[in-house]
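Listed here are the chains, written in short residue letters.
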Amino acid sequence: MFVIRQAMPTDNATLLKLAKMVFFINLPPNETIIAGKIEQSQQAFLKASGAEVATKPAKRKRGGGGGVQGSTSLDEDSDLFVFSMIDTDLQGVIGTSQVRSHQGGPGNPNWSMQITEKQFRSEPLSYSSTHKVGRLYGDESGPTEVGGLIIQPSYRGHEKRPGRFLSFVRFHFIGMYRRFFADRILAEMMAPVSSEGENVFWDHFGRKFIPVKYAEADRFCQHNRKFIPELLPREEIYFSLFPLEVQNLVGVVSKETIPARRLLESMGFRYRGFIDPFDGGPHLDAPTDNVELVKSTKAIKLGEPLPASKAAKLEKHGIVSVLSDEGEFRAVETRYAVEKNTLRLSEADFDALEAKAGAAAGYTPVTPPDVAPADAAKAAKKSGKARRGAKAGAAS
């Protein structure tokens, strides 16, 4: 069984190993930064549970140099939720994912590069050309950001699709605690990066203005983004001036990120012509309340647990979670039934959730992992039509 809980300090070493497998700005391979993220996450889960969280005194901001150390001071006012996935058979962490309530905000832009096209025409020569143009763009709207999804390679292609569960739990959590999150969800997709942390787009663009390696520039962003508009040009950049290899990587994700991009696009996320100004990876986004997993999430009380003989006959499938008063979050993907405004689960699920009957919970219907994507899309479409019909009937 796979259980997702909030990340804990004891996860630090494992998360560091996972971070070294795939280069992600959201989970850099730095033990101190990871520890800071876990600490921030624990406070966020405690806040979501309704408990009073003591506010820390504001830290003095330090310059964005290579010697910056300690936990990240950037976006401390934004709640960060870090999830860890446990394989209960091994009793070990095998994956992680994150959601940040607001990425940037007023006075603290989230920087990207907006891609447009420019056309040129010469009538005497009867010749036209179209060129992709990029320009630095600072977004102060503070969208919610999902990211940092990493799972051990041996679990990729698993029949229970734990990677999907790790992705979906973020939207389940957003649906449960909607007030903490923005009206738009952003996903900054990872571009191709070598095992040494090198990126072709950065080498041909960013490094010309910020003379450090890509990995080091990304580390700067963990503490201060002010250097981006200070050192990168704000004028239009014509991508046709770059080698074809670089042009072909604009808006492209790494091989490891392709499944995550497809999954997000199946949920309604779209690429709207914005890329990361460092690595050229695409930014996808979607209106929060249009994401089906967010819309379909509901709060409910847990009913009495069912014995295995009855639980095996449950027909509905989805993500079920609980959040204790102490900020302890646990979630499973399982079969369930809704009876008399309560959620019925197996005894095994109760044990995995460490919950008792009557506890506040949340659930999100999802298709079982063994259902083919085409069949899942048909089921979702049918479900959406049924809901719209019900709304129309209620309005008439």
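Note that the coordinates shown come from a computational prediction; the quantities given were computed from them, not determined experimentally. Numbers given to residues run from 1 along each chain, matching the order in which its sequence is written. With pLDDT at 70 or above as the cut-off, local features in this predicted model cover only qualifying residues; side-chain atom pairs require 80 or more to be listed or tallied, and sums for whole chains, interfaces and linings still use all residues. Only hydrogens and water are set aside; all other atoms, that is, all heavy atoms of the structure, feed into the side-chain values.

**Considerations on helix α3 (residues 162-176)**
Given 3.6 residues to a turn, an α-helix orients residues that are three or four positions apart in the same direction.
Here's step 1: Starting at the N terminus, helices and strands are each numbered in turn, a helix being any DSSP run of H or I of at least four residues and a strand any DSSP run of E of at least two. The span one expects for a helix is its residue count, reduced by one, times 1.5 Å. With 15 residues, α3 should reach 21 Å at 1.5 Å per residue; the first-to-last C-alpha distance of 21 Å fits that figure.
Here's step 2: Throughout, the bend at a residue refers to the angle made by two axes, fitted to the seven residues ending there and to the seven starting there. Along α3, the largest kink reaches about 25° and is centred on F168.

**Some points on the pattern of salt bridges**
Here's step 1: In the sections that follow, a salt bridge refers to a side-chain nitrogen of Lys or Arg positioned within 4 Å of a carboxyl oxygen of Asp or Glu. This model, assessed by the stated rule, comprises 16 salt bridges.
Here's step 2: Across the pair R5 and D11 runs a salt bridge whose closest N-O atoms are separated by 2.8 Å.
Here's step 3: The class of D11 is buried, set by a relative accessible area of 2%.
Here's step 4: D79 is the partner of K47 in a salt bridge, and the nearest nitrogen-oxygen pair spans 3.2 Å. Taken together, the positions of K47 in helix α2 (residues 31-48) and D79 in the loop between α2 and β2 (80-87) put the pair 32 residues apart, joining distant regions of the chain. Relative accessibility under 20% of the residue-type maximum defines a buried residue, over 50% an exposed one, and the middle range a partly exposed one, all with a 1.4 Å probe and only protein chains included.

**Some details on the packing of aromatic side chains**
Here's step 1: Side-chain rings of Phe, Tyr and Trp, where Trp is taken by its six-membered ring, are said to pair if the distance between their centres is within 6.5 Å; with planes under 30 degrees apart they count as stacked, over 60 as edge-to-face, and otherwise as tilted. Within the structure shown, the criterion is met by 26 aromatic pairs.
Here's step 2: Consider the rings of Y137 and F274, whose centres lie 5.1 Å apart with planes at 55°: the pair is tilted. Linking Y137 in strand β5 (residues 127-139) with F274 in strand β9 (residues 270-275), this pair joins segments that are 137 residues apart in sequence.
Here's step 3: Measuring from centroid to centroid gives 6.2 Å for F227 and F278, while their planes differ by 45°, and the two rings are tilted. Here the residue F227 occupies a position in helix α7 (residues 227-231), and F278 occupies one in the loop between β9 and β10 (282-287), the gap between them amounting to 51 residues. When sorted by exposure, F227 lands in the same class as F278, which is buried.
Here's step 4: These aromatic residues form a ring-pair network of at least three members: F45, F81, F83, F173, Y177, F181 and F329.

**A word on the packing of helix α1 (residues 12-21) against α2**
Helix-helix packing is characterised by the crossing angle of the two axes and by the distance between the axes.
Here's step 1: For the pair α1 and α2, the least separation of the axes is 10 Å and the interaxial angle reads 120°. Between α1 and α2, the angle is such that the two are oblique. For the pair α1 and α2, the crossing hand works out as right-handed. Counting all contacts with α1, which are made through N12, L15, L16 and A19, the residues of α2 involved are E31, I34, A35 and I38.
Here's step 2: Here the contact of α1 with α2 is composed, by residue class, of 6 nonpolar, 1 polar and 1 charged. Fitted lines through C-alpha atoms give the axes, limited to the stretch in contact for helices. The angle between two N-to-C directions lies from 0 to 180 degrees. Note that the term roughly parallel is reserved for angles under 35 degrees, roughly antiparallel for angles over 145, roughly perpendicular for angles of 65 to 115, and oblique for everything else. Take the far helix as the reference: if the near one is turned anticlockwise from it by less than a right angle, the crossing is left-handed, and if turned clockwise, right-handed. We call two residues in contact whenever any of their non-hydrogen atoms come within 4.5 Å of each other. Polarity classes work like this: nonpolar for Ala, Val, Leu, Ile, Met, Phe, Trp, Tyr, Cys and Pro, charged for Asp, Glu, Lys and Arg, and polar for all others, with Gly in that last group.

**A short note on the environment of Q247**
Here's step 1: Note that Q247 resides in helix α8 (residues 244-247).
Here's step 2: On the basis of relative accessibility, which here comes to 28%, the residue Q247 falls in the partly exposed class.
Here's step 3: Between the alpha carbons of Q247 and F201 there is a distance of 8.5 Å; along the sequence they are 46 residues apart.
Here's step 4: Leaving out residues up to four positions away in the same chain, Q247 has contacts with F239, S240 and F242.

**Here we look at unusual backbone geometry**
Here's step 1: You will see that N341, though not glycine, has its phi angle at about 60°, which is positive.
Here's step 2: Mapped onto the elements, N341 comes out in the loop between β13 (329-339) and β14 (342-344).
Here's step 3: N341 gets classed as exposed once you look at its relative accessible area, which sits at 67%.
Here's step 4: If you check the backbone angles, E354 has positive phi at about 55° while not being a glycine.
Here's step 5: Along the chain, the position of E354 falls in the loop between α12 (347-353) and β15 (360-365).

**Overview of the pairing of strand β6 (residues 144-151)**
A regular strand places its side chains on the two faces of the sheet in alternate fashion.
Here's step 1: Burial runs high along β6: 7 of the 8 residues are buried.
Here's step 2: Any two strands between which DSSP finds at least two bridges are classified as paired. Pairing of strand β3 (residues 92-100) with β6, which is carried by 5 bridges, proceeds in the antiparallel orientation. If you follow R100 over to β6, its bridge partner there is E145.
Here's step 3: Place the viewer so that the strands point away; then a crossover is right-handed whenever the path from the first strand over the helix to the second strand goes clockwise. Assessed by its sense of winding, the connection that carries the chain from β6 through α3 to strand β7 (residues 184-188) is right-handed.

**Regarding the pairing of strand β4 (residues 110-122)**
Here's step 1: With 13 bridges connecting them, β4 and β5 associate as antiparallel partners. Bridge pairing in β5 places F120 opposite S129.
Here's step 2: Counting the residues in the hairpin turn of β4 and β5 gives 4 residues, including S126, whose phi is positive at 50°.
Here's step 3: In this sheet, β9 lies alongside β4 in antiparallel orientation, the contact comprising 2 bridges. Within β9, the position partnered with M113 by the bridge is I275.

**Things to note about the nonpolar core**
Here's step 1: Counting 42 residues, the largest nonpolar core has F171 and F269 as the members making the most contacts within it.
Here's step 2: Ranked by residue count, the leading element in this core is α3, at 8 residues.
Here's step 3: The residues contacting F171, other than those within four sequence positions of it, are V146, I185, L264, M267, F269, V291, L293, V294 and T297.
Here's step 4: Membership of the second largest hydrophobic core comes to 24 residues, among which are I115, I210, L232 and V246. Throughout this description, the term nonpolar core refers to a set of buried Ala, Val, Leu, Ile, Met, Phe, Trp, Tyr and Cys residues connected via side-chain atoms within 4.5 Å.

**Some words on the environment of Y363**
Here's step 1: Residue position: Y363 is located in strand β15.
Here's step 2: Given the relative accessible area of 11%, Y363 is considered buried.
Here's step 3: Spatially, the C-alpha atoms of Y363 and E333 are 9.4 Å apart, while their sequence positions differ by 30 residues.
Here's step 4: Not counting chain neighbours up to four residues away, the residues in contact with Y363 comprise H172, S296, T297, K298, I300, I319, V320, Y336, V338 and L343.

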